[in-house]
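Residue-level structural notes
So you can see what is in the structure, the chains are spelled out below.
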Amino acid sequence: MERILLAMKDKENLKTVSNFLENNFTLMFYENGIDTTALADLVIADEGLPPFLRENAARSKKDQNAILRPLLLIAPKEGISFIGKDDWMAADEVISSPVNKMELYTRIEALLRMRKQSMLLAEQRLLQDGDGALLANEQLMSFFSILSHELKTPLAVVLSCLEFLSVSMANDFSSLENCRNTLEISKRNTLRLLRIINNIIDLTKLKTGNMKAYLHNTDIRRFLEGVVDSVQAYAREKEIKLVFLAEEPCAVIAVDQNKLERVLFNLLSNALKFTPRNGKVTVSVGNSPDRKSVMIAVRDTGIGMPQEKLRGIFEAFSYADGALSKRADGCGLGLALVKSLAELQGWGVRVESKLGIGSKFCVELPVRTVEADALAEGSFSVQNGIAYEFSEID
Amino acid sequence: MGYLSKNFKILIADDNRDFAAMLSQNISLYPDMSIVGIASNGMDVMNMLQRHKPDIVLLDIIMPDMDGMEVLRQICEMEGGPTVFMLSILCNESVVNQSIRLGAKFLLKPIDAGSIVLKIRSLDN
């Protein structure tokens, strides 16, 4: 029901009009000094408009893009010609006193139609505008749609699994193997959900400056070798050749190991997902010519990406092949996380790609160390191992 | 007598392998329902429609290579085609309106197989 604000001084008018309207509209009553016009679809007033009404009306008449909030003015008993000039200017429509119910309804309906029109026009205008603010709004909507989709997808699967288990147990139906399989599916999807949630939390922490980096001096080559090893099993499953190349010992750099692992994991995960069977993924590490940084590269022989899609590739929920028609690495947060984690520690991240040939992601770590920490040997464990389990593309 | 007398042939079209597998498994628990196939993209849907001639299609809106709405439109152009239930996680007003206008039913995921079965059984034939 539309909301009508009654800002009338004349008590009789007020009583009559509210009686006429109360069954078909939500009525709001003007209380001294409190401007509630923002909540109203239409305002009805009589002579001697409160100043805020006059100001609102004046302001919105100036603004072309404003959405019409109609003001219906009830003329004094003496007649329409007794309306003050200012009130005339502010009003959109005038109705004579005593108020006739039919006429009131006719005017109100016409004014509300005009309001709806102006809403549609404003919406169209803004969408065509290329206005940064509104586009951001649109992107926000899309972000939440995609987010909601990605969170609910694995959840829907888990609910399905639970339904199966409870129905088949109640009816003594299914084979043990079916049940085992169902549990496997439900576990896989729960972990996927967990991973997405972790990604979101981490991204938010990073974006709001709440993420700390705990630095340890680390032998990057050995560290990388460990990460690549932990992923070999999955690569074998997909029949992809996963190669680790390190031609020389690399510098020791102070890094937050968990985050470096996360970055590598995400890049590897992408590479393996987008490379077909019998393809090849190469992880290489080496010192830069000037020895001031260590370069890590993850190269795949996958589908590659067109040049124009590369620009936004590190943004959350960007997909190289168009929004919702295909879902990729656990909802497009993987690369956004890579970028944010890298920025946190001053690492550079770059991508090169050729359609049909493959992609190459590079991470550049400037050489610096911290005092006091000994070489962090043996701490290559996968943090929260469970959360980083790979899962199939849907 | 009458209640379970009709057998329904159902085609599931969803590119989420796990979801499609579980939905198929759950619906198959009901004696009057049989899953004739699972399609994971638009082309497969059209092929399976020709091959199996299902009574019901459970169609996900988002699929690779072919937009669910496009598939719906093609199905609706078929003479004596199946009844379509759009299954989607997202509830976009214009998509819902479009689907309904094309004669499909719209169901929001997550939804349990039992409810889907009830809705299928209560279709006016």
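What you see is a predicted model; the values in this text were computed from it and never measured.

Attention now goes to helix α1 (residues 11-21) of chain A. Residue and element names in this part refer to chain A. Turning to α1, its buried residues are N13, L14, V17, S18, F20 and L21. One side of α1 carries all its buried residues, which in axial view fall inside an arc of 155°. Of the exposed residues in α1, the ones pointing more than 90 degrees away from its buried face are K11, E12 and K15. In this structure D10 caps α1, since a side-chain oxygen of it lies 2.8 Å from the backbone nitrogen of E12.

At their nearest, the axes of helix α6 (residues 176-207) of chain A and helix α1 (residues 17-27) of chain B sit 11 Å apart, and the two run at 145° to each other. Here the hand of the crossing between α6 of chain A and α1 of chain B comes out left-handed. The residues of α1 of chain B that touch α6 of chain A, namely those facing N178, T182, I185, R188 and N189 of chain A, are D18, M22 and Q25 of chain B. For the contact of α6 of chain A with α1 of chain B, the residue count by class is two nonpolar, four polar and two charged.

On to the sheet that holds strand β4 (residues 83-88) of chain B, then. Residues and elements named next belong to chain B. With parallel pairing, the five strands of this open sheet are ordered in space as β2-β1-β3-β4-β5. Single-partner strands in this sheet number two, and they are β2 (33-39) and β5 (105-108). This sheet shows a mean twist of 25° between the axes of neighbouring strands, independent of strand direction. Taken together, the four bridges between strand β1 (residues 8-13) and strand β3 (residues 56-60) define a ladder with parallel strand orientation. Bridge assignment links I12 to a residue of β3, and that residue is L58. Along the sheet face, helix α2 (residues 42-52) touches β1, β2 and β3 and points at about 140° away from the line of β2.

Our focus in this paragraph is the environment of K53 of chain B. Residues and elements named next belong to chain B. Within the secondary structure layout, K53 lies in the loop between α2 and β3. With 28 residues separating them in the primary sequence, K53 and G81 have C-alpha atoms 8.1 Å apart. If sequence neighbours within four positions are ignored, K53 has contacts with K9 and M48. A distance of 3.1 Å separates a polar side-chain atom of K53 from the backbone oxygen of Q50.

Here we take up the confidence of the model for chain B. Averaged over all residues, the pLDDT of chain B equals 87, while 91% of them reach at least 70. For this predicted complex, the interface confidence score (ipTM) comes to 0.89, while the overall pTM stands at 0.58.

We now examine the sheet that holds strand β10 (residues 293-300) of chain A. Residues and elements named next belong to chain A. Pairing is mixed across the open sheet formed by five strands, whose spatial order is β7-β9-β10-β12-β11. Either end of the sheet is taken by a strand with one partner, and the two such strands are β7 (241-246) and β11 (348-354). Averaged over neighbouring strand pairs, the angle between their axes works out to 15° when direction is ignored. As judged from the seven bridges shared by β10 and strand β12 (residues 358-366), these two strands associate in the antiparallel manner. Directly across from V298, in β12, lies its bridge partner F361. Sheet contacts for helix α8 (residues 257-274): β7, β9 (280-287), β10 and β12; angle to β10, the most-contacted strand, approximately 25°.

Within the largest apolar cluster, 46 residues are counted, with the highest numbers of intra-cluster contacts made by I220, L260, L268, I296 and L365 of chain A. Elements with a contribution of two residues or more to this core: α6, α7 (220-237), β8 (252-255), α8, β9, β10, α10 (334-344) and β12 of chain A. Apart from residues no more than four positions distant in its own chain, I220 of chain A is found in contact with A251, I253, V255, L260, V285, V294, I296 and L365 of chain A. Core analysis: the second largest hydrophobic core is formed by 28 residues, A156 of chain A together with I12, I27 and V117 of chain B among them.

Thresholds applied
- Residues numbered from 1 in each chain as written.
- Chains lettered and ligands numbered in written order.
- Predicted model: local features only at pLDDT ≥ 70, side-chain atom pairs only at ≥ 80, totals over all residues.
- Heavy atoms only, no water.
- Buried < 20%, exposed > 50% of the residue type's maximum accessible area, 1.4 Å probe, protein only.
- Helix = DSSP H or I, 4+ residues; strand = E, 2+ residues; numbered from the N terminus.
- Arc of directions from axis to C-beta.
- Polar contact = N/O pair within 3.5 Å; in protein donor to acceptor, adjacent residues only side chain to side chain.
- Axes fitted to C-alpha atoms, helices over the stretch in contact; angles between N-to-C directions.
- Left-handed = near helix turned anticlockwise from the far one by under 90°.
- Contact = heavy atoms within 4.5 Å.
- Nonpolar A, V, L, I, M, F, W, Y, C, P; charged D, E, K, R; others polar.
- Pairing = 2+ DSSP bridges.
- pLDDT = per-residue confidence, 0-100.
- Core = buried A, V, L, I, M, F, W, Y, C linked by side-chain atoms within 4.5 Å.

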